[in-house]
Amino acid sequence: MLQDTIDKVKETIVEETTSILDYKFVFSQEIGITVRGLIFVVVALLVTSYVLKLIRRFITRKMPANDKQKFATVFGYVRWFVFLVIFLIAMNTSGVDVTAVFAASAALLIGVGLALQTLFQDIISGIFILVDKTVHVGDIIELEGKIGRVLDIRLRTTRAVTVDNKVLVIPNHLYLTNILFNWTENGTETRESVSVGVAYGTDVEKVKKILLEIAKNQPTVLKNPAPVVLFTDFADSSLNFKVVFTLNNSFEVRFTQSNIRFEIDKAFKQNNITIPFPQRDVHLFTEK
């Protein structure tokens, strides 16, 4: 008798469990999923997550810290794509008509796709930047007339700080649609210049000597390579010169250029050298 009771209890538990597992959530006439199917989907996603973690650890075990961080960022988006594929496969295996799901949400997917178009452009551009390594953290870049030092490179945006300590948040797709100037791609040293014009008749050798002395006395200007002065043009109203110098921190270039211009104005006044302004002779004729 006791054994029969135990067998009946077992059968009841099995029947109830089977009934629960076979309970179906119906979302529409064509779309529905059982509890068994939901459990299968969850288990499939958990197994996928574990496998992806093993793959990431295996690939990045010998990578440098910087490359490991970049790979983790890219891998994060790949992981979500894999999750989506596994989710759809698991749903289809569980008996859910995936085609019906897509058909029911076609209008929504089109709207979301249009809304996310720029987002995907940014993500693809971010992957190109991370893989191609055209821009690194710490580089000084110029994009659409804006200059900043790169603080952080993400898949969607790049953050840079300007010389005024303002943060630029740059959508990554701008790298593909605009010309990017990387001031420090070849190193931290950059060649900069200041232009000035003097009146015709001025001793050009004297001008050259003054400009060189001013550039060499600037604490931010490197001694090697030494500054040079170029005689650039015989202009309409002036003799044009350019003093070229090298900086180790081009991010502060405008301050060095300003200091040099102050010193040029001061030295020219002391040496009676005139900085001309454009002049035109106007002749008036009167009819008799």
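Here, the structure is the one placed above.
So, here's what we can say about the structure. (Residues numbered from 1 in each chain as written. Predicted model: local features only at pLDDT ≥ 70, side-chain atom pairs only at ≥ 80, totals over all residues. Heavy atoms only, no water.)

The next point concerns the overall build of the protein chain. In terms of helices and strands, the protein chain carries nine helices and ten strands. The burial tally for the protein chain puts 30% of its 288 residues in the buried class. Considering only contacts within the protein chain whose residues lie at least 6 apart along the sequence, 61% involve residues at least 24 apart. Counting only carbon and sulfur atoms, one obtains 60% of the accessible surface of the protein chain, whose full area is about 19,700 Å². (Helix = DSSP H or I, 4+ residues; strand = E, 2+ residues; numbered from the N terminus. Buried < 20%, exposed > 50% of the residue type's maximum accessible area, 1.4 Å probe, protein only. Contact = heavy atoms within 4.5 Å. Areas by Shrake-Rupley, 256 points an atom, 1.4 Å probe, with all protein chains shown as cover.)

Turning our eyes to something else, we now look at the pattern of salt bridges. If you walk through the whole model with that rule in mind, you get two salt bridges. Between K269 and D265 there is a salt bridge; the shortest N-O distance is 3.3 Å. Separated by four residues within a single helix, K269 and D265 lie in helix 9 (residues 253-270), roughly one turn from each other. Residue classification places D265 among the partly exposed positions, given a relative accessible area of 36%. (Salt bridge = Lys/Arg side-chain N within 4 Å of Asp/Glu carboxyl O.)

This brings us to the packing of aromatic side chains. Applying the stated criterion to the full structure yields two aromatic pairs. Their ring planes at 45° and their centres at 5.0 Å tell us that F231 and F234 sit as a pair that is tilted. F231 gets classed as partly exposed once you look at its relative accessible area, which sits at 37%. What makes F234 exposed here is its relative accessible area of 60%. Members of the aromatic cluster, each reached through a chain of ring pairs, are F231, F234 and F241. (Phe/Tyr/Trp six-rings, centres within 6.5 Å; stacked < 30°, edge-to-face > 60°.)

Right, let's talk about the side chain of T162 for a bit. Note that T162 resides in the loop between strand 5 (157-161) and strand 6 (167-171). Under the relative-accessibility criterion, T162 is labelled buried at 14%. When near neighbours in sequence (up to four residues on either side) are disregarded, T162 contacts I147, G148, L168 and F251.

This part covers the sheet that holds strand 7 (residues 180-182). Taken in spatial order, the five strands line up as 6-5-4-3-7 in an open sheet, and their pairing is antiparallel. Each having just a single partner strand, strand 6 and strand 7 make up the two edges of the open sheet. Averaged over neighbouring strand pairs, the angle between their axes works out to 40° when direction is ignored. Bridging between strand 4 (residues 146-153) and strand 5 involves four bridges; their strand directions are antiparallel. Residue pairing for strand 5: I153 is matched across the bridge by T158. (Pairing = 2+ DSSP bridges. Axes fitted to C-alpha atoms, helices over the stretch in contact; angles between N-to-C directions.)

Remark: helix 8 (residues 204-216) packs on helix 9, axes separated minimally by 10 Å, with the N-to-C direction vectors making an angle of 140°. If you check the angle between helix 8 and helix 9, you find them oblique. The hand of the helix 8/helix 9 crossing is right-handed. Every residue of helix 9 that contacts helix 8 at V207, I210, L211 and I214 is listed here: I260, E263, I264, A267 and F268. Taken together, the residues of the contact of helix 8 with helix 9 break down into eight nonpolar, no polar and one charged. (Parallel < 35°, antiparallel > 145°, perpendicular 65-115°, else oblique. Left-handed = near helix turned anticlockwise from the far one by under 90°. Nonpolar A, V, L, I, M, F, W, Y, C, P; charged D, E, K, R; others polar.)

This next bit is on the sheet that holds strand 8 (residues 190-198). Pairing in this open sheet of three strands is antiparallel, and the strands run 8-10-9 from one edge to the other. Each edge of the open sheet is held by one strand with a lone partner, namely strand 8 and strand 9 (228-234). Geometrically, the sheet is characterised by an average inter-axis angle of 25° between neighbouring strands, direction not taken into account. Direction of pairing for strand 8 relative to strand 10 (residues 239-247): antiparallel, over a ladder of nine bridges. Residue T190 lies in a different strand from strand 10, and its bridge partner there is L247. Strand contacts of helix 8: strand 8, strand 9 and strand 10, with the helix running at about 25° to strand 10, the strand carrying the most contacts. The strands touched by helix 9 are strand 8 and strand 10; relative to strand 8, the strand with the most contacts, the crossing angle is about 30°.

Now for the nonpolar core. By size, the foremost hydrophobic cluster in this structure holds 22 residues, and its most contacted members are L211, F241, I264 and F268. Put simply, the parts of the chain that give this core at least two residues each are strand 8, helix 8, strand 10 and helix 9. When residues in this core are grouped by element, the largest group, six residues, is from helix 8. Ignoring any residue separated from it by four or fewer positions in sequence, one finds F241 in contact with V194, S195, V196, V198, V204, V207, L211, V229, L230, F231 and T232. Core analysis: the next-biggest nonpolar cluster, separate from the first, contains eleven residues, V135, I153, I170 and L174 among them. (Core = buried A, V, L, I, M, F, W, Y, C linked by side-chain atoms within 4.5 Å.)

In this section: a nonpolar patch on the surface. A contiguous nonpolar patch, built from I39, V43, V47, Y50, V51, L54, I55, F58 and I59 and spanning about 810 Å² of accessible area, is present on the exposed surface. Within the element layout of this structure, L54 appears in helix 2 (residues 35-60). Judged by relative accessible area, which is 41%, L54 ranks as partly exposed. (Patch = residues over 30% accessible without salt bridge, like charges linked within 9 Å, V, L, I, M, F, W, Y side chains within 5 Å.)

Moving on, we come to helix 8. Between its terminal C-alpha atoms helix 8 stretches 18 Å, which fits the 18 Å expected from 13 residues at 1.5 Å a residue. Buried within helix 8 we find V207, I210, L211, L212, I214 and A215. N-cap assignment for helix 8: the residue whose side-chain oxygen lies 3.1 Å from the backbone N of E205 is D203. (Expected span 1.5 Å × (residues − 1). Polar contact = N/O pair within 3.5 Å; in protein donor to acceptor, adjacent residues only side chain to side chain.)

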